[in-house]
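Listed below, chain by chain, are the residues.
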Amino acid sequence: MAGDEREQVWSATVDHLRTMIDSGRLPAGSRLPAERALCEQLGISRGSLRQALRVLDSIGYVQVRPGSGTYVRETLDEKPLRGWFSAHEQLVEKLFDLRTTVEPTLAERLALDHTPRVLERLAGTVEEMDRAAADGDMLRVIAADAEFHRVIAENAGNDDVTDLLRSVLSLVGEERRAALRLPGQIRKAVDEHRAILEAIRGSDAAAAREITLRHLLDAKTYVHDYTSGD
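Residues numbered from 1 in each chain as written. Predicted model: local features only at pLDDT ≥ 70, side-chain atom pairs only at ≥ 80, totals over all residues. Heavy atoms only, no water.

(A) Expanded view of the nonpolar core. One finds Leu110, Leu122, Ile152 and Ile200 to be the most contacted residues of the largest nonpolar core, which totals 21 residues. Listed by contribution, the elements that provide at least two residues to this core are helix H6 (89-112), helix H7 (116-135), helix H8 (138-155), helix H11 (185-201) and helix H12 (205-228). When residues in this core are grouped by element, the largest group, five residues, is from H6. With residues near it in sequence (within four places) discarded, Ile200 still touches Ala107, Leu110, Ala111, His114, Leu119, Leu122, Ile152 and Ala208. (Core = buried A, V, L, I, M, F, W, Y, C linked by side-chain atoms within 4.5 Å. Buried < 20%, exposed > 50% of the residue type's maximum accessible area, 1.4 Å probe, protein only. Helix = DSSP H or I, 4+ residues; strand = E, 2+ residues; numbered from the N terminus. Contact = heavy atoms within 4.5 Å.)

Structure, rendered in structure tokens:
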């Protein structure tokens, strides 16, 4: 059970760090304590801490700077959402292009070769995203979304393409935070994640590929339409 808890993006470790950041105990721009000190302070293992920091980094909540430490990032401003997309249009375009090239193949591959444990983890992220949406907890929504795509990437093979996607997914924090705040996107993402999961569970490789591709292309189109709208 302890292993399962470490793998959950909504683990007590993540929640504890969120509380520290949201309460101002770890203000924006500040550096987190050293790993050993933080583990002792929270009473957690080094593995749990690294898992939590990886999740928070992947969604843009903290930033890991090699050789320097982990820093609390500024939160995305709620007001200039359309402006944020316009200012980062090329980055968002490139990220979506790479993801639509790689992720459908990984979903297809996972549909042909998966374990009950992987299905359980994917189902857990879908249910967590659904619960978080109902609770209005945006960070949990984003974290669950990130974890769903990460689980597919890390269990569909161990080649260079998979490693590349892992790196890409670590860069999409702000894009994911912004995209999921677009009207109707959370509910749509939950439904599509569930459809991808069912295709993988049913070993339907063609459906897993097609639904994943449509999921990403629809999100890309929606972002573009929202950005260029009045």
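(B) Quick peek at the pairing of strand E2 (residues 69-72). The pairing of strand E1 (residues 62-65) with E2 spans four bridges and is antiparallel. When the sheet's bridge partners are listed, Val62 is paired in E2 with Val72. Connecting E1 to the next strand, E2, in antiparallel fashion are three residues, including Gly67 with a positive phi near 80°. (Pairing = 2+ DSSP bridges.)

(C) Layout of the pattern of salt bridges. Inspection of the entire model under this criterion finds 19 salt bridges. Across the pair Glu35 and Arg50 runs a salt bridge, and its minimum N-O distance is 3.0 Å. Of the two residues, Glu35 is situated in helix H3 (residues 35-42) and Arg50 in helix H4 (residues 46-58); the sequence distance between them amounts to 15 residues. On the basis of relative accessible area, Glu35 is assigned to the partly exposed category, the value being 26%. Residue classification places Arg50 among the partly exposed residues on the basis of a relative accessible area of 48%. Its salt-bridge partner being Glu147, residue Arg150 comes within 2.6 Å of it at the nearest N-O pair. Residue Arg150 and its partner Glu147 are located together in helix H8, separated by three residues, close to a single helical turn. (Salt bridge = Lys/Arg side-chain N within 4 Å of Asp/Glu carboxyl O.)

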